[in-house]
Amino acid sequence: MDIDGVMVPASHWKRPEFEADGFPKFSKKATDALQKIISETGAGILLITSHKSSYSIAQWQAIFSVRGFENLRIKKLHKNAGNLNRREEIMKWVEKGHESPFVIIDDDKTLNNLPSNIKSKLVQPSATAGLNEALANTAISILKSPQGALTG
């Protein structure tokens, strides 16, 4: 899951609001949507955000806790030492093996070029709107379907 454009909708005309921890507030709509995904599927989070390496897992736990998420299982992709784009990072993760089923929640348009068997697991919010209930329902369907696991 990405953060910017997913949990923190982007706005060209105003700076995001920040919590006391110095990290941007998550939108209520996105928080409710993510909470729904987690509640209905038991999913954890694998952070693919560009912020992933800026914080330890314990710090990420605290960031999510301040925003209403308790006992959330959080992992993150390794530091992007090779300066790969998001698509390349995800492909590298898939090639190394992963936990199944999974869904990718990211507004990055380069992910439209993922191979079809991986792109079928992509839920792509508008960067200005972020995650919402309709997209949460799509993510839940992907995670609960037999096709949620990677095939092909």
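Before reading further, recall that the structure is shown in the block above.
Small disclaimer: the values here were computed from a predicted structure and weren't measured. (Residues numbered from 1 in each chain as written. Predicted model: local features only at pLDDT ≥ 70, side-chain atom pairs only at ≥ 80, totals over all residues. Heavy atoms only, no water.)

(A) Fine view of the packing of helix 1 (residues 28-41) against helix 5 (residues 133-144). Their axes nearest at 9 Å, the elements helix 1 and helix 5 cross at an angle of 25°. Here helix 1 lies roughly parallel to helix 5, going by the angle between them. Once helix 1 is placed against helix 5, the crossing between them reads as right-handed. Only Glu133, Ala136, Asn137, Ala139, Ile140, Leu143 and Lys144 of helix 5 make contact with helix 1, whose side of the interface consists of Ala33, Lys36, Ile37, Glu40 and Thr41. When grouped by side-chain class, the residues that make up the contact of helix 1 with helix 5 number six nonpolar, two polar and four charged. (Axes fitted to C-alpha atoms, helices over the stretch in contact; angles between N-to-C directions. Helix = DSSP H or I, 4+ residues; strand = E, 2+ residues; numbered from the N terminus. Parallel < 35°, antiparallel > 145°, perpendicular 65-115°, else oblique. Left-handed = near helix turned anticlockwise from the far one by under 90°. Contact = heavy atoms within 4.5 Å. Nonpolar A, V, L, I, M, F, W, Y, C, P; charged D, E, K, R; others polar.)

(B) Summary view of the layout of surface pockets. Reported here for the largest pocket is a volume of approximately 640 Å³. Of all the elements in the fold, those that place two or more residues in the lining of the largest pocket are helix 1, strand 1 (45-47), strand 2 (74-76), helix 3 (86-96) and strand 3 (104-105). A class-by-class count of the residues in the lining of the largest pocket yields 18 nonpolar, four polar and three charged. (1 Å grid on protein atoms, 1.4 Å probe; cavity = no way out; pocket = protein on both sides within 12 Å on 5 of 7 lines; lining within 4 Å. Points joined across faces, edges and corners; volume = space filled by probe spheres on them.)

(C) Representation of unusual backbone geometry in the model. In this model, Asn71 sits at a positive phi of 55°, which is unusual for a non-glycine residue. With a phi angle near 50°, Asn83 is a residue other than glycine that sits in the positive phi range.

(D) Broad picture of the side chain of Glu89. By the secondary structure assignment, Glu89 is in helix 3. In contact with Glu89, other than residues within four places in its own chain, are Ile48, Lys52, Leu77, His78, Asn80 and Leu84.

(E) Spatial organisation of helix 1. Compared with an ideal rise of 1.5 Å per residue, which puts 14 residues at 20 Å, helix 1 spans 20 Å between its outermost C-alpha atoms and is within 8% of the ideal. Taken together, the buried positions of helix 1 are Ala30, Thr31, Ala33, Leu34, Ile37 and Ile38. The arc that holds every buried residue of helix 1, seen down its axis, measures 165°, which confines them to one face. Residues of helix 1 that are exposed and point more than 90 degrees away from the buried face comprise Lys28 and Ser39. In this fold, the buried residues of helix 1 make contact with strand 1, helix 2 (57-66), strand 3 and helix 5. Within two residues after helix 1, Gly42 carries a phi angle of roughly 75°, on the positive side. (Expected span 1.5 Å × (residues − 1). Buried < 20%, exposed > 50% of the residue type's maximum accessible area, 1.4 Å probe, protein only. Arc of directions from axis to C-beta.)

(F) Examining the nonpolar core more closely. Among the nonpolar cores identified, the biggest contains 31 residues, and Met1, Ile3, Met7, Phe64 and Leu131 are the most heavily contacted of them. Put simply, the parts of the chain that give this core at least two residues each are helix 1, strand 1, helix 2 and helix 5. Looking at this core, the element that brings in the most residues is helix 5, giving six residues. What Met7 contacts, discounting residues up to four positions off in sequence, is Met1, Asp2, Lys25, Phe26, Ser27, Ala30, Thr31, Leu34, Phe69 and Leu131. Counting residues in each nonpolar core, the second largest holds 11 residues, with Val94, Phe102, Ile104 and Ile118 among its members. (Core = buried A, V, L, I, M, F, W, Y, C linked by side-chain atoms within 4.5 Å.)

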